[in-house]
Amino acid sequence: MARLTRRGLLLGGAPLLAGAALVDGRTTSAAQHDGHAAGAPYANPAHTDAHGGFRGRVDVTANGFDPHTLLREFDTGTTRRLASGRVLRSFELVALEQELEVAPGVTFAAWTYNGRIPGPTIRAREGERVRISFANGSNHPHTVHFHGIHAAAMDGVPGLGAGIIEPGQRTVYEFDAAPFGMHLYHCHVRPLAEHIAKGLFGAFIVDPADGRADADELVMVMHGLDTNFDRENEIYAVNGIGFAYMDPPIRITRGELVRLYLGNMTEFDPINSFHLHGNVFEYYPTGTSLRPSELTDTVMQCQGQRGILEWRFPAAGRFMFHAHQSEFTELGWQGFFEVVE
Ligand SMILES: [Cu+2]
């Protein structure tokens, strides 16, 4: 069997462009990891998969999470009121190691926050106090570094505050939820690219004090999956699993406001992008202004960039969305919105 390589997937991946790719996709490459180079920073258990290429469906039960659930799942933590009257909102993150099926027949030795990629979508309101209890339940040192405004000691980088959190250790990060917008969090331990690419990242939403208009809210974090640890991505995805929103598609109600929180945590490629078919959206970079910067159908993000997209579908039908780097699209970063009455 051929080894799983980016080039092999691209050469064999033409059928993947069809909507039925998850059922009928054929590729010439098998899902088999490369042997692990000595001295590399993490273990790669040798694994040979009986499935060929992308044929079949990802077993979301075995993975422990379903991208369709993550899409609309927000972790608002637990709250209590401080003596000052402010709300203290508390969250728990645990770093774990687990093998995930990241595209049909393709396994990946992942590192996760709370057993999923991306980690939970942490959500608080502007001005609240946020407390993140982090436990390292893995065999490697990690941290949680939040974007946003906080004290240096709460930055989640080596050498500051609690610094590196060793296996079995825990710490608490605490800061005010500010500014409102769409932010991200991720591990900040070297080699950084590996720690992030393995899956240690998530979205952090701060709602404006007065909230936002009601909408069907979605979260998508774009990323790559370097399944053979050669520092380039074999699979591209939003929310952990390649092709996850092709079949079944994401159901949307015609005329309803859609608000998509979009971020990019892709390693090994300088940019990623989101392109919407048959429509345009208003784009709010970083979500920190209530006025959109642009009306467009395509937005590009460097790693760490994020924003909020808003639009409505005026008519029912099936509309594609995908990276506008065609190579990323063919390797997993594509999906459908199914607009219904
Ligand atoms: Cu890490």
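Everything discussed here concerns the structure shown above.
For the structure given in this document, a descriptive report is provided here. Computed from a predicted structure; not experimentally measured.

**A few points about the overall build of the protein**
When helices and strands are tallied, the protein shows 6 helices and 22 strands. For the protein, the residues scored as buried account for 55% of the 341 residues in total. Partitioning the contacts of the protein with sequence separation of at least 6, the portion at a separation of at least 24 is 72%. Surface accessibility of the protein: about 13,500 Å² in total, with carbon and sulfur atoms responsible for 51%.

**Describing the environment of leucine 71**
Structurally, leucine 71 is set in the loop between helix H4 (67-70) and strand S3 (78-81). Spatially, the C-alpha atom of leucine 71 lies 9.4 Å from that of valine 238, the residues being 167 residues apart in sequence.

**What about the layout of surface pockets?**
For the largest pocket, the calculated volume is near 170 Å³. In terms of lining residues, the largest pocket is bounded by 12 residues, among which Arg57, Val58, Val60, Ala244 and Asp247 are the most central. Among the elements of the structure, H4 and strand S14 (245-253) are those that each provide at least two residues to the lining of the largest pocket. Each residue belonging to the lining of the largest pocket can be placed in one class, and the counts come to 7 nonpolar, 2 polar and 3 charged.

**Quick notes on the pattern of salt bridges**
The final tally for this structure, using the stated rule, is 15 salt bridges. Arginine 86 is the partner of aspartate 176 in a salt bridge, and the nearest nitrogen-oxygen pair spans 2.8 Å. Of this pair, aspartate 176 sits in strand S9 (residues 170-176) while arginine 86 sits in the loop between S3 and strand S4 (87-103); the two residues are 90 residues apart in sequence, bridging distant segments of the chain. We classify aspartate 176 as partly exposed; its relative accessible area is 31%. Among the ionic pairs, glutamate 217 bridges to arginine 259, the shortest N-O distance being 2.8 Å. Here arginine 259 lies in strand S15 (residues 258-264) and glutamate 217 lies in strand S12 (residues 216-225), a separation of 42 residues in the sequence.

**Let's talk about the coordination of the copper ion**
Taken together, the protein ligands of the copper ion are His142 (ND1), Cys187 (SG) and His195 (ND1), with distances of 1.9 to 2.0 Å. Read N to C, the donor residues that coordinate the copper ion are spaced as H-x44-C-x7-H. Within this pair, whereas histidine 142 is found in the loop between strand S7 (129-136) and strand S8 (145-146), its partner histidine 195 is found in helix H5 (residues 192-197), the two being separated by 53 residues in sequence.

**Regarding the sheet that holds S14**
Judged by pairing direction, the sheet is mixed, and its 5 strands sit side by side in the order S14-S22-S21-S16-S19 without closing on themselves. The sheet terminates laterally at S14 and strand S19 (298-302), the two strands that pair on one side only. Pairs of neighbouring strands in the sheet enclose a mean axial angle of 25°, with direction left out of account. By the bridge criterion, 6 bridges tie strand S21 (residues 317-322) to strand S22 (residues 334-340) in an arrangement that is antiparallel. Paired with histidine 322 across the bridge in S22 is glutamine 334.

**Notes on the nonpolar core**
By size, the foremost hydrophobic cluster in this structure holds 58 residues, and its most contacted members are Met220, Phe274, Leu309, Trp311, Phe321, Trp333 and Phe337. Per-element accounting of this core gives the leading share, 6 residues, to S12. When neighbours within four sequence positions are excluded, phenylalanine 321 is seen to be in contact with Met220, Tyr245, Ile250, Phe274, His275, Leu276, Trp333, Gln334, Gly335, Phe336 and Phe337. Of all hydrophobic cores here, the second largest spans 23 residues; its members include Tyr113, Val130, Val144 and Phe146.

**A look at the pairing of S12**
Along S12, 10 of the 10 residues are buried, which leaves the element largely enclosed by surrounding structure. What you see with S12 is no split at all: Asp216, Leu218, Met220, Met222 and Gly224 on one side and Glu217, Val219, Val221, His223 and Leu225 on the other are buried throughout. Bridge analysis of S12 against strand S13 (residues 235-238) gives 4 bridges, and the strand direction is antiparallel. Residue pairing for S13: methionine 222 is matched across the bridge by valine 238.

**Topic: the packing of aromatic side chains**
This structure, assessed with the given rule, holds 21 aromatic pairs. Centroid distance phenylalanine 274 to tryptophan 333: 6.1 Å. Interplanar angle 50°. Geometry classified as tilted. With phenylalanine 274 in strand S16 (residues 271-276) and tryptophan 333 in the loop between helix H6 (326-330) and S22, this residue pair connects regions lying 59 residues apart in the sequence. Just as phenylalanine 274 is buried, tryptophan 333 falls in that class too. Members of the aromatic cluster, each reached through a chain of ring pairs, are Tyr245, Phe274, Phe281, Trp311, Phe313, Phe319, Phe321, Trp333 and Phe337.

**Some words on the environment of leucine 184**
Looking at where leucine 184 falls in the secondary structure, it is placed in strand S10 (residues 181-186). Note on leucine 184: relative accessible area 0%, which makes it buried. For leucine 184 and valine 221, which are 37 residues apart along the polypeptide, the C-alpha to C-alpha distance reads 9.1 Å.

**Section: the sheet that holds strand S6 (residues 122-125)**
Sheet architecture is open: 4 strands sit in the order S6-S11-S10-S8, paired in mixed fashion. Edge positions in the open sheet fall to S6 and S8, since each of these has one partner strand only.

The rules behind each value
Residues numbered from 1 in each chain as written. Predicted model: local features only at pLDDT ≥ 70, side-chain atom pairs only at ≥ 80, totals over all residues. Heavy atoms only, no water. Helix = DSSP H or I, 4+ residues; strand = E, 2+ residues; numbered from the N terminus. Buried < 20%, exposed > 50% of the residue type's maximum accessible area, 1.4 Å probe, protein only. Contact = heavy atoms within 4.5 Å. Areas by Shrake-Rupley, 256 points an atom, 1.4 Å probe, with all protein chains shown as cover. 1 Å grid on protein atoms, 1.4 Å probe; cavity = no way out; pocket = protein on both sides within 12 Å on 5 of 7 lines; lining within 4 Å. Points joined across faces, edges and corners; volume = space filled by probe spheres on them. Nonpolar A, V, L, I, M, F, W, Y, C, P; charged D, E, K, R; others polar. Salt bridge = Lys/Arg side-chain N within 4 Å of Asp/Glu carboxyl O. Donors = N, O, S within 2.8 Å, 3.2 Å for Na, K, Ca; no water. Pairing = 2+ DSSP bridges. Axes fitted to C-alpha atoms, helices over the stretch in contact; angles between N-to-C directions. Core = buried A, V, L, I, M, F, W, Y, C linked by side-chain atoms within 4.5 Å. Phe/Tyr/Trp six-rings, centres within 6.5 Å; stacked < 30°, edge-to-face > 60°.

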